[in-house]
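Structural description and commentary
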Amino acid sequence: TGGRLPNVTAADDGEWGFAPNSVDLIFTALNYHDVINLKVERAPLLANMLAALKPGGIFAVIDHSAEAGSGVRDVGTLHRVDESVVVAEVEAAGFELVETTDLLRNPADARTLAVFDPAIRGKTDCFVLKFRKPPTS
C-alpha cells in the first residue's frame, strides 16, 4: 500500500477487511496454479472476491498455460494450469467471463516444461482472462 500506488492494497489469502461492494479490481498474475497446488479452498476464496467487488467490478487472471485437457495435473510440477479449469471455477463462483486476449500467448511453448526451465522461462504461453462481477449482484 501507499508509495507510488496509494490507491492499491495488496492482500494475502486471509481476512481482507474490505467492505462488500467496495473494490473495483482484483488481479492475480501467475499464481492461480499455486492456489490450487497449495490446496486452498477456491470456492470460498472466490466468493470473498465476488463479495468485495463492486457490481461490474473486474477480476483479472493471468497464468501459465498447461496442455489442454490436463486439468490440474501440472500445477505442482510444471507450475501450469489448464485454462478451462480456471474459467469453470471462476464462472461457478458467479463471475462472467467477458474478455480474453492472445497478448501473452506463445504458440512455440509446448506446455511440457516447467515454467522455470531455462529453455522457456519468461517465454511461457500464458492466458489472460477478464471476468466481471455481474452488474446487478
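Below or above, wherever it landed, is the structure these notes cover. Predicted, not measured: the structure shown is a model, and the values here were computed from it.

Mapping Ala-88 onto the fold places it in helix H3 (residues 83-92). Under the relative-accessibility criterion, Ala-88 is labelled partly exposed at 44%. For Ala-88 and Val-98, which are 10 residues apart along the polypeptide, the C-alpha to C-alpha distance reads 13 Å.

It is worth spelling out the sheet that holds strand E4 (residues 126-132) at this point. The strand order across the open sheet formed by four strands is E1-E2-E4-E3, and the pairing between neighbours is mixed. For this open sheet the edge positions go to strand E1 (23-29) and strand E3 (96-101), each flanked by a neighbour on one side alone. Pairwise comparison of adjacent strand axes, ignoring direction, gives a mean angle of 15 degrees for this sheet. Summarising the sheet, E1 and strand E2 (residues 53-64) pair through six bridges and their orientation is parallel.

Within the secondary structure, Val-90 sits in helix H3. For Val-90, a relative accessible area of 0% gives the class buried. Note: C-alpha distance between Val-90 and Tyr-32 (58 residues apart in sequence) is 11 Å. Apart from residues no more than four positions distant in its own chain, Val-90 is found in contact with Tyr-32, Leu-46, Phe-59, Phe-95 and Phe-131.

For helix H2 (residues 42-52), every residue scored as buried is listed here: Arg-42, Leu-45, Leu-46, Met-49, Leu-50 and Ala-52. Seen along its axis, H2 keeps its buried residues to an arc of 165 degrees; they face one direction.

This paragraph deals with the side chain of Asp-109. Locating Asp-109 in the fold gives a position in the loop between E3 and E4. In this structure Asp-109 comes out as buried when scored by relative accessible area, which is 7%. A distance of 2.8 Å separates a polar side-chain atom of Asp-109 from the backbone nitrogen of Arg-111. Asp-109 has contacts with Arg-80, Ile-120, Lys-123, Thr-124 and Asp-125, leaving out every residue within four places of it along the chain.

The rules behind these values
Residues numbered from 1 in each chain as written. Predicted model: local features only at pLDDT ≥ 70, side-chain atom pairs only at ≥ 80, totals over all residues. Heavy atoms only, no water. Helix = DSSP H or I, 4+ residues; strand = E, 2+ residues; numbered from the N terminus. Buried < 20%, exposed > 50% of the residue type's maximum accessible area, 1.4 Å probe, protein only. Pairing = 2+ DSSP bridges. Axes fitted to C-alpha atoms, helices over the stretch in contact; angles between N-to-C directions. Contact = heavy atoms within 4.5 Å. Arc of directions from axis to C-beta. Polar contact = N/O pair within 3.5 Å; in protein donor to acceptor, adjacent residues only side chain to side chain.

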